[in-house]
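Residue-level structure breakdown
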Amino acid sequence: MTTSLVEHARARHDALTHALRPSVWRATLSADLARLSVAAPLRVGFAVACTLVIGGMTGHRDVAGLAALGALIAAFCRADPFRVRAGRLAVLAVGIVTSVGVGAVLGLTDAPVAAEIAAISVLAGVAALGVAALHITGPGAIVFVFAANAATGFTDDATDLTRALSATALGTVVGAGASLAPWIWRRHRATAIDSTPVHYQSRWRTLRRRPQPDLLVNSGRIVVATAASAAIAVGIGFSHPMWAAMGALAAMQGVSYHLTVQRGVQRLLGNIVGAVVAAALLGMGLGYWGAVIAIVACQVIAEIWAPVNYAVTSLAVTPMALLLIAVSAGLSPQAAIDRVADTLIGVVLGIVVAAMTISVGDHPGRRSAGMSPCARVNLAETTQWAHTDRRSARM
């Protein structure tokens, strides 16, 4: 037992020092440009644009942001054959509408901050577990938490609740339609894409099985890290504590510790530069339609770079997310600075929680050799995501 305790102590020490090594920070800037693609990102951008344009033209600008978040399901499952993708998009649609419902109820009941933090942190853990268990590639659980947080600030009465759920549901339909468009309109090409030699387990069979232990552990870590990050942000007096929770969640979506550190550093660096861009855009007074153009452009850039480098993706996501909030509720340039501070808290807490609960087998020096089975699956599917994107772009 003494030897085991020593090994775990050494693993935690190495994990914490690993996050501070210059080589780790340099590695976060690397990019495999061969993974760049444009077909799927343009479909995501089109879906988001449709929801924002519909909201603007029908006089429902205040819920257009929620509809756009629903449309973001188009960013998931990019590697899946279309027949598999359709079912998974349906699961994601239910998930994001449910997340908006959770946030809307919190806002409707004027729940105390502690209850809001607890509910959304549990939602983060459940969403992360579901996405990982179903091997769904894409933005991850953070989309669900963002949607819940946005709905919390929007909902004041029962009418707002209905409108929030309806707008999000409409957005998921638009997003699913954009994602499946090549299959719907060009069936002869879908046959070639669906012949991809990738084996997928039925989502229903996966859901009936007990989740793998490392996924449950990571889900628990996420609940703890998101709740602690938000609580610290509240204690400091920040206006948007759930942004800190999202920072922790974004860092911890990877199962292995190495991925946690890499994503955390990339998100922090991307947020710093993205905050400068966001502050400039918020200060320009773009108006609704100017904001729509900027949101769609940032979303497309984020999707193009998602398989390549998360720092660039985060750089684009930061102004996109803040502008989505601004079109509904309005934000000042100061919100961009708040975003960086909240993200810093979340990333640091995420890395610390991951380091303190690290297993000996997840020693940062071992990387892929020490990854859990689920981490290797996630890595393989991320690679498949990029490869399938390139095939789709050529078709």
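Residues numbered from 1 in each chain as written. Predicted model: local features only at pLDDT ≥ 70, side-chain atom pairs only at ≥ 80, totals over all residues. Heavy atoms only, no water.

1. Focus: the packing of aromatic side chains
Working definition: an aromatic ring pair is given by the centre-to-centre distance plus the angle between the planes. Test applied: Each Phe, Tyr or Trp ring, with Trp reduced to its six-membered ring, pairs with another whose centre is within 6.5 Å; inter-plane angles below 30 degrees give stacked pairs, above 60 give edge-to-face pairs, and intermediate values give tilted ones. For the purposes of this entry, the term helix denotes a DSSP run of H or I that reaches at least four residues, the term strand denotes a run of E that reaches at least two, and both are numbered from the N terminus. Exposed residues in this analysis have more than 50% of their type's maximum accessible area, buried residues have under 20%, and partly exposed residues fall in between, with area computed by a 1.4 Å probe over protein chains only. We call a charge positioned over a ring when the NZ of a Lys or the CZ of an Arg lies within 6 Å of the ring centre and within 35 degrees of the ring normal.
Applying the stated criterion across every chain yields a total of three aromatic pairs. With a centroid separation of 6.2 Å and 45° between ring planes, the pair formed by phenylalanine 76 and phenylalanine 144 is classed as tilted. Residue phenylalanine 76 is found in the loop between α4 (61–71) and α5 (82–108), and its partner phenylalanine 144 is found in helix α7 (residues 142–154); the two are separated by 68 residues along the sequence. Residue classification places phenylalanine 144 among the buried residues on the basis of a relative accessible area of 6%. Consider the rings of tyrosine 288 and tryptophan 289, whose centres lie 5.0 Å apart with planes at 85°: the pair is edge-to-face. For tryptophan 289, a relative accessible area of 37% translates into the label partly exposed. Above the ring of tyrosine 310, the side-chain terminus of arginine 263 is found at 4.1 Å from the ring centroid.

2. Section: the side chain of glutamine 299
We apply this condition: Side-chain atoms alone can form a polar contact between residues adjacent in sequence; in general such a contact is a pair of N or O atoms within 3.5 Å, and within protein one must be able to donate a hydrogen while the other accepts it.
Within the element layout of this structure, glutamine 299 appears in helix α14 (residues 287–305). Only 2.8 Å separates the side chain of glutamine 299 from the side chain of glutamate 303, close enough to count as a polar contact.

3. So, the environment of glutamine 299
Put simply, the rule reads: In what follows, a contact means two residues having at least one pair of non-hydrogen atoms within 4.5 Å.
Residue glutamine 299 is classed as buried on the basis of its relative accessible area of 3%. If we skip the residues at most four places from it in the chain, glutamine 299 touches Val44, Val48, Leu72 and Met320.

4. Here's the deal with the packing of helix α13 (residues 257–283) against helix α16 (residues 334–356)
What counts, and what does not: Geometry is summarised by axes, namely lines fitted to C-alpha atoms with helices restricted to the contacting stretch, and by angles between N-to-C directions that run from 0 to 180 degrees. Should an angle fall under 35 degrees it is called roughly parallel, over 145 degrees roughly antiparallel, and 65 to 115 degrees roughly perpendicular, with every other angle called oblique. Amino acids outside the nonpolar list (Ala, Val, Leu, Ile, Met, Phe, Trp, Tyr, Cys, Pro) and the charged list (Asp, Glu, Lys, Arg) are all regarded as polar, and Gly is one of them.
Contact pair α13 / α16: the axes reach a minimum separation of 9 Å and the direction vectors enclose 175°. Regarding the angle of α13 to α16, the classification is roughly antiparallel. Judged by residue contacts, Tyr257, Thr260, Val261, Gly264, Val265, Arg267, Leu268, Asn271, Ile272, Ala275, Ala278 and Ala279 of α13 engage Ala336, Arg339, Val340, Thr343, Leu344, Val347, Gly350, Ile351, Ala354 and Ala355 from α16. Tallied by class, the residues present in the contact of α13 with α16 amount to 15 nonpolar, five polar and two charged.

5. Remarks on unusual backbone geometry
The phi torsion at cysteine 77 lies on the positive side, around 60°, for a residue other than glycine. Along the chain, cysteine 77 turns up in the loop between α4 and α5. You will see that histidine 135, though not glycine, has its phi angle at about 55°, which is positive. The topology assignment puts histidine 135 in the loop between α6 (113–133) and α7. Given the relative accessible area of 24%, histidine 135 is considered partly exposed.

6. Let's talk about the pattern of salt bridges
The condition that has to hold: Whenever Lys or Arg places a side-chain nitrogen within 4 Å of a carboxyl oxygen from Asp or Glu, that contact is recorded as a salt bridge.
The full count for this structure, using the stated rule, is three salt bridges. A salt bridge links glutamate 303 to arginine 78; the shortest N-O distance between them is 2.8 Å. Here arginine 78 lies in the loop between α4 and α5 and glutamate 303 lies in helix α14, a separation of 225 residues in the sequence. On the accessibility criterion, arginine 78 (3% relative accessible area) is buried. Aspartate 80 serves as the salt-bridge partner of arginine 88, at 3.2 Å between the closest nitrogen and oxygen. The residues arginine 88 and aspartate 80 share a single accessibility class, namely buried.

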